[in-house]
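Below are the chains, spelled out letter by letter.
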Amino acid sequence: MKVTYENVMIHGENFPVRIERRKNLRRLTLRYDWEHSSFLYRVPYQLSSNEAKERFHSLLEKYLSSLGNEKNLRPYHGDRVYLFGEEVLITGWSLMSDKARFLFLKEKLHHYLEEKLPYWEQEFQSKNHPFEINYYPSYYGQNRGKGNLLRFSIMLVHYHPRIIDSVIAHEITHDFISNHSKDFYSLLLTHFPDYSLRDHELRTNQYKGENYGTN
Ligand SMILES: [Zn+2]
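Predicted model, so just to flag it, every value in this text is computed and none were measured. (Residues numbered from 1 in each chain as written. Predicted model: local features only at pLDDT ≥ 70, side-chain atom pairs only at ≥ 80, totals over all residues.)

## As for the packing of helix α2 (residues 98–124) against helix α3 (residues 161–173)
- Running from N to C, α2 and α3 cross one another at 50°; their axes reach a closest spacing of 10 Å. For the element pair α2 / α3, the angle class is oblique. Judged by the twist between their axes, the crossing of α2 over α3 is right-handed. On the side of α2, the interface is formed by Y112, K116, L117, W120, E121 and F124, while α3 contributes I164, D165, I168, A169 and I172.
- A breakdown of the residues in the contact of α2 with α3 according to their chemical character gives eight nonpolar, no polar and three charged. (Axes fitted to C-alpha atoms, helices over the stretch in contact; angles between N-to-C directions. Helix = DSSP H or I, 4+ residues; strand = E, 2+ residues; numbered from the N terminus. Parallel < 35°, antiparallel > 145°, perpendicular 65-115°, else oblique. Left-handed = near helix turned anticlockwise from the far one by under 90°. Contact = placed C-beta atoms within 7 Å. Nonpolar A, V, L, I, M, F, W, Y, C, P; charged D, E, K, R; others polar.)

## Observations regarding the domain arrangement of the protein chain
- Examined at the domain level, the protein chain breaks down into domain 1 (2–72) and domain 2 (77–203).
- For domain 1 and domain 2, the distance between their C-alpha centroids amounts to 26 Å.
- Each side of the interface is counted separately: domain 1 has five residues, and domain 2 has four residues.
- Across the side of domain 1 that touches domain 2, the residue classes tally to one nonpolar, two polar and two charged. (Domains from an automatic or database assignment.)

## Some remarks on helix α1 (residues 49–67)
- Over its 19 residues, α1 extends 27 Å from the first C-alpha to the last, a length consistent with the 27 Å expected when each residue adds 1.5 Å.
- The buried fraction of α1 is low, at zero of 19 residues.
- Phi turns positive, to about 80°, at G68, one or two residues after α1. (Expected span 1.5 Å × (residues − 1). Buried ≥ 20, exposed ≤ 12 C-beta atoms within 10 Å, placed from the backbone.)

## Focus: the sheet that holds strand β9 (residues 141–144)
- On the basis of which strands lie adjacent, the open sheet formed by three strands has the order β8-β10-β9 and mixed pairing. Since the sheet does not close on itself, it has two edges, and those belong to β8 (131–134) and β9, each with one partner. In this sheet, adjacent strand axes meet at a mean angle of 20° when their direction is disregarded.
- Against the sheet, α2 contacts β8 and β10 (149–153), and its axis sits at roughly 155° relative to β8. (Pairing = 2+ DSSP bridges.)

## Considering the pairing of β10
- As defined by bridge partners, β8 adjoins β10 across four bridges and the pair is classed as parallel. Residue pairing across strands places N134 opposite S153, the latter belonging to β10.
- One ladder, built from four bridges, connects β9 with β10; its direction is antiparallel. When the sheet's bridge partners are listed, Q142 is paired in β10 with R151.
- The turn joining β9 and β10, which pair antiparallel and follow one another in sequence, is formed by four residues; a positive phi near 60° is taken by G145.

Next comes the structure, spelled out in structure tokens:
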């Protein structure tokens with residue numbers, strides 16, 4: 001694997017891009033890597049660097065337009081940070097290391113989950129769950145072993161509580177039904193009627209939960 005770094009300018013802000021050239025890679029992928037505050041661009045070895053560059057811009061455009069609003073790209077701008085869906089001032093945030101940010105956010109989310117998880121366990125009449133918080137690049141929540149362990153992405157801390165709760169409810173539903181079948185959604189919606197809306201907000205980085213209040 002060959003790794004290089006570049007920068008990309010988006011709406012006047014500079015973003016680092018980590019470019020990984022890999023063998024045995026079938027397609028290009030671009031995602032935002034929250035753990036390292038940079039874009040991660042994976043490129044198959046055989047692709048020319050010109051083509052990689054061109055494809056980067058079209059992938060980036062696609063990614064940005066999926067968010068709908070440039071402000072949704074990251075949950076912070078300077079020292080203003082979205083916490084539980086509200087933009088608050090955290091002095092020194094922009095100077096904090098990734099690790100310090102992680103520990104700060106983890107404490108907040110941990111506290112929230114400790115309070116809120118029992119509420120949803122009662123709502124679903126489920127068992128009690130131990131949980132872990134970390135950067136999980138490919139999911140916001142995960143239920144391991146039918147409720148033996150729940151995992152929650154640290155990124156949830158930026159979202160409106162109702163959006164966080166939609167992920168909690170989704171994962172608890174997996175105690176009863178492990179796949180995403182019709183039965184799964186019918187049980188989930190019984191306890192969480194506005195699930196689809198919250199899920200959409202989560203996937204489009206609408207930290208504030210713009211559509212909140214319609215339910
Ligand atoms: Zn699921």
